[in-house]
Amino acid sequence: MTAATLEIPRGRALRTRVSGDDLVKRGLMVVISLYLLVALAAPLYVLLSKSVSTYEFDLTAFELQRSDESATTWSEPKTVATLNEEVGSVITPDQLNTGSDGRLSLTDLYPDFSFRSPVMYRIRGTSDDAAYLVGSELHRGTEWLELDSNTFRRVVIRPSASLGLDNFVAYFSTPALAQSIANSVLMGVISTVLVISIAFGLAYALNRSCMPLKGFFRLVTTIPILVPSLLPGIALVYLFGNQGLLKGLMMGHSIYGPIGIVIGSVFFTLPHALLIISTALSVADQRHYEAAQSLRSSPWRTFWTVTVPGARYGIISAAFVVFTLVITDFGLPKVIGGQYNVLAVDIYKQVIGQQNFEMGAVVAVLLLVPAVAAFFVDSAIRKRQVALLSARSVPYQPKPDRGFDTACFVYCSAVALFILMMIGVCQFAATVKFWPYDLTPSLNNFRFDLMDGGGWGAYYNSIVMALLTAVFGTIIVFVGAYMVEKTDGFAAGRTLFQFLAMLPMAVPGMVLGLSFIFFFNDPANPFNAIYGTMAILVVSTVTHFYTVSHLTALTALNQMDREFEPVAASLKQPFHRLFFRVTVPVSLPAILDISIYLFVNAMTTVSAVVFLYSTQTQLASVAVLNMDDAGDIAPAAAMGMMIFYTNVAARLLHGIVSRLLLKRSQAWRQR
């Protein structure tokens, strides 16, 4: 036998041994994945199913019999469809299309029906799936049920369900509803162009000038984050409404509609765009500008060939963020939109106003499309972004220029004045007796217990909900991020977890809230017990703001050397000891940032909770909406300012606690 024919027998493929710590990590990852499946994926699936579910009364699915007055002789069994034809179609075709909760009475099939009559009735289904109610009692099947006249008048048949696109056809066949899509996109585009232009000017002034009071301007531009999106709408009413201070500036136009939506959108989305664009401009390389100067490039040409291309990914990312925020916002167009319909308000009208949940689901799916598209386009653009700073880069240092610095200061002052004016007018309106007729200082508008909206209890509920969201949300988010980042192997599980963790960013609050109704309000759901409680509000809010918190945690964990885990394993230290003694202290700044982020957003959110609160769990942000609906605009402004005060206090407390804790836990960073 030659050497060429020798074959080494194959052994078993080598497999990495999974340690006990890895099993625990994978188990925790699976648990948090199940949380995201239950709190996000499953409700969205039910929502999508609801949007393609149509309900129609099948008149051939039920048979009736009627006796004579002696209740001894019975008529031949006839279907409801046959009886309807005999009496001249008292049940019209328009009545057959209905919703999931549709009910149809049968007494009109007998013109001489009287509930006092001794006549008896029988009803049954022609199939086992046919369902009808006798009062509130559900019956199914083909067995005859005999009823007296008084009971028969309480009989209603239930519709049968089928799958199809009829709901979407009905939506696009209604001009007023279909117009909402164009309105939403138009508002998103106009607002995005304005916000990006203003935010770029602000970011450029803050990063490329030597003007004074930069810290003050940065502080002022964060104010809109601390208030619910309804508050700028209320401010615009006081400034440009029928009794507004600056009504004359409208030149005959109304603030209720597109103009108000655009101005309000600029106010509440500006900080988000400014943060992204400012970050992009802050990483400029001084050498690029020196090269442009040596080539005698004009400032204008340098701006377009160096500055703008260097910040293009930040600008594009900010544009998608702003567009998504505007098109999915509910609070602002609800307050200031007037008769100008947009998608987010259409969901509210269909669900709350008309109890048409199927059509609400259709609008929610349509609202989900641009949000998901913007998310994936933004993600694709981020992947193409290249590093702008290398190890040899020189940070850009602006040089004093009196004329340029003065222009930047004036520009930033104008933007800051706009923001302070919006907040100031709400503060002023909340502390006077009766705008605009009696401007005597008063705290009557803060007597929330005398008005609609839940009173002071709603405010306290918001604080409780925000605290629970901050505590449990931070734990869930950071533990989940740690498990997905520090677990070895298990590629499929980690990929699924990352997908679930990124999904909330693409789901608007209104869509999430409506999907929670469909999922958790089902009595057959084992999680139905949390419906109408504080728990569902916390779950909804944590899920809604999960992605940004998750990315913050991942950023902090990625900054840690991956050698910590192997060293701990070699010393036979369990991972939980490393987690509590090393990972948590090192990542404490990010943990504190996640907690305050969740708290502030829990206080201000409206869209994600507007469908989920009960009489015992009303929230301050929803109270602002309800008081505005009731015409109590000044108290609504007062409640909005209470949210602002609370978030400011939380920020200050967060700063103090952070400084005290970080002084000890981050001492290793000091040289």
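Residues numbered from 1 in each chain as written. Predicted model: local features only at pLDDT ≥ 70, side-chain atom pairs only at ≥ 80, totals over all residues. Heavy atoms only, no water.

(A) Region of interest: the packing of helix α17 (residues 455–486) against helix α25 (residues 620–629). Contact pair α17 / α25: the axes reach a minimum separation of 7 Å and the direction vectors enclose 145°. Between α17 and α25, the contacting residues are Ala-458, Tyr-459 and Ser-462 on the first element and Ala-620, Ser-621 and Ala-623 on the second. Along the lines of polarity and charge, the residues of the contact of α17 with α25 split into 4 nonpolar, 2 polar and no charged. (Axes fitted to C-alpha atoms, helices over the stretch in contact; angles between N-to-C directions. Helix = DSSP H or I, 4+ residues; strand = E, 2+ residues; numbered from the N terminus. Contact = heavy atoms within 4.5 Å. Nonpolar A, V, L, I, M, F, W, Y, C, P; charged D, E, K, R; others polar.)

(B) Focus on unusual backbone geometry. For Ser-89, which is not glycine, the phi dihedral falls at a positive 55°. Mapping Ser-89 onto the fold places it in the loop between α2 (80–86) and α3 (93–96).

(C) Representation of the state of the cysteines. On inspection of all chains with the given rule, the structure shows 0 disulfides. Distance from the sulfur of Cys-408, which forms no disulfide, to the nearest cysteine sulfur (Cys-412) is 6.4 Å. Take Cys-408: its relative accessible area is 7%, and that puts it in the buried class. (Disulfide = S-S within 2.5 Å. Buried < 20%, exposed > 50% of the residue type's maximum accessible area, 1.4 Å probe, protein only.)

(D) Representation of helix α16 (residues 402–430) in the model. Counted at 1.5 Å a residue, the expected span for α16 with its 29 residues is 42 Å, and the 41 Å between its end C-alpha atoms agrees. For α16, the full list of buried residues reads Asp-405, Cys-408, Cys-412, Val-415, Ala-416, Ile-419, Met-422, Ile-423, Val-425, Cys-426, Ala-429 and Ala-430. (Expected span 1.5 Å × (residues − 1).)

(E) Inspection of the sheet that holds strand β1 (residues 53–56) at higher detail. Spatial ordering of the open sheet is given by β4-β1-β11, a layout of 3 strands whose pairing is antiparallel. Where the open sheet ends on each side, the last strands, each with one partner, are β4 (97–98) and β11 (160–163). Pairing of β1 with β4, which is carried by 2 bridges, proceeds in the antiparallel orientation. The partner of Glu-56 across the bridge, within β4, is Asn-97. (Pairing = 2+ DSSP bridges.)

(F) Molecular detail of the sheet that holds strand β6 (residues 120–125). Spatially, the 4 strands line up as an open sheet ordered β3-β2-β6-β9, and their pairing is antiparallel. Pairing within the sheet leaves two strands with one partner each, and these edge strands are β3 (78–79) and β9 (145–148). As judged from the 4 bridges shared by β6 and β9, these two strands associate in the antiparallel manner. Residue pairing across strands places Met-120 opposite Asp-148, the latter belonging to β9.

(G) The arrangement of helix α19 (residues 509–520) in detail. Its 12 residues give α19 an end-to-end C-alpha distance of 16 Å, which sits within 8% of 16 Å, the value for a rise of 1.5 Å per residue. The buried count for α19 comes to 12 of 12 residues, which makes it a mostly enclosed element. Within α19, the full set of buried residues consists of Gly-509, Met-510, Val-511, Leu-512, Gly-513, Leu-514, Ser-515, Phe-516, Ile-517, Phe-518, Phe-519 and Phe-520.

(H) Broad picture of the packing of aromatic side chains. Across all of its chains, the model carries 27 aromatic pairs by this definition. Judged by centre distance (5.7 Å) and plane angle (55°), the ring pair of Tyr-459 and Tyr-460 falls under tilted. Here Tyr-460 falls in the partly exposed class, since its relative accessible area comes to 48%. Aromatic ring contacts, followed pair by pair, group Phe-446, Phe-448, Trp-456, Tyr-459 and Tyr-460 into a single cluster. For the cation-ring pair, Arg-122 lies above Trp-74, with the distance from its terminal atom to the ring centre recorded as 3.9 Å. Sitting over the face of the ring of Phe-115, Arg-153 holds its NZ or CZ atom 4.2 Å from the ring centroid. (Phe/Tyr/Trp six-rings, centres within 6.5 Å; stacked < 30°, edge-to-face > 60°. Lys NZ or Arg CZ within 6 Å of the ring centre and 35° of its normal.)

(I) Highlighting the environment of Met-510. Mapped onto the elements of the fold, Met-510 is located in helix α19. On the basis of relative accessibility, which here comes to 0%, the residue Met-510 falls in the buried class. Spatially, the C-alpha atom of Met-510 lies 8.3 Å from that of Asp-329, the residues being 181 residues apart in sequence. Not counting residues up to four positions away in its chain, the partners in contact with Met-510 are Phe-330, Ala-344, Ile-347, Tyr-348, Ser-607, Val-610 and Phe-611.

(J) The pattern of salt bridges, seen in detail. One pass over the full model with this rule turns up 6 salt bridges. Lys-78 is paired through a salt bridge with Glu-86; the nearest N and O atoms lie 3.0 Å apart. The partner of Glu-146 in a salt bridge is Arg-122, and the shortest N-O contact between them spans 3.3 Å. With Glu-146 in strand β9 and Arg-122 in strand β6, the pair connects residues that are 24 residues apart, well separated along the chain. Exposure remark for Glu-146: the relative accessible area of 43% places this residue in the partly exposed category. Arg-122 gets classed as partly exposed once you look at its relative accessible area, which sits at 22%. (Salt bridge = Lys/Arg side-chain N within 4 Å of Asp/Glu carboxyl O.)

(K) Main features of the nonpolar core. Core analysis: the biggest nonpolar cluster contains 159 residues, and Phe-330, Ile-347, Leu-514 and Phe-611 have the highest contact counts within it. For this core, the element with the highest residue contribution is α17, accounting for 12 residues. Each of domain 1 (20–45 + 451–617) and domain 3 (169–430) accounts for three or more of the residues forming this core. For Ile-347, the residues in contact, after removing those within four places along its chain, are Gly-360, Val-363, Ala-364, Leu-367, Met-510, Leu-514 and Phe-611. If you look at the next biggest cluster of nonpolar residues, it comprises 25 residues, including Leu-64, Leu-83, Leu-104 and Leu-106. (Core = buried A, V, L, I, M, F, W, Y, C linked by side-chain atoms within 4.5 Å. Domains from an automatic or database assignment.)

(L) Structural view of a nonpolar patch on the surface. Taken together, Val-464, Leu-468, Val-471, Phe-472 and Ile-475 make up a surface patch of nonpolar side chains, about 420 Å² in accessible area. Mapped onto the elements, Phe-472 comes out in helix α17. (Patch = residues over 30% accessible without salt bridge, like charges linked within 9 Å, V, L, I, M, F, W, Y side chains within 5 Å. Areas by Shrake-Rupley, 256 points an atom, 1.4 Å probe, with all protein chains shown as cover.)

(M) Layout of the environment of Gly-480. With respect to the secondary-structure elements, Gly-480 resides in helix α17. Along the backbone, Gly-480 and Met-29 are 451 residues apart, and their C-alpha atoms lie at a distance of 6.0 Å. With residues up to four places along the chain from it excluded, the contact list for Gly-480 reads Ile-32 and Phe-497.

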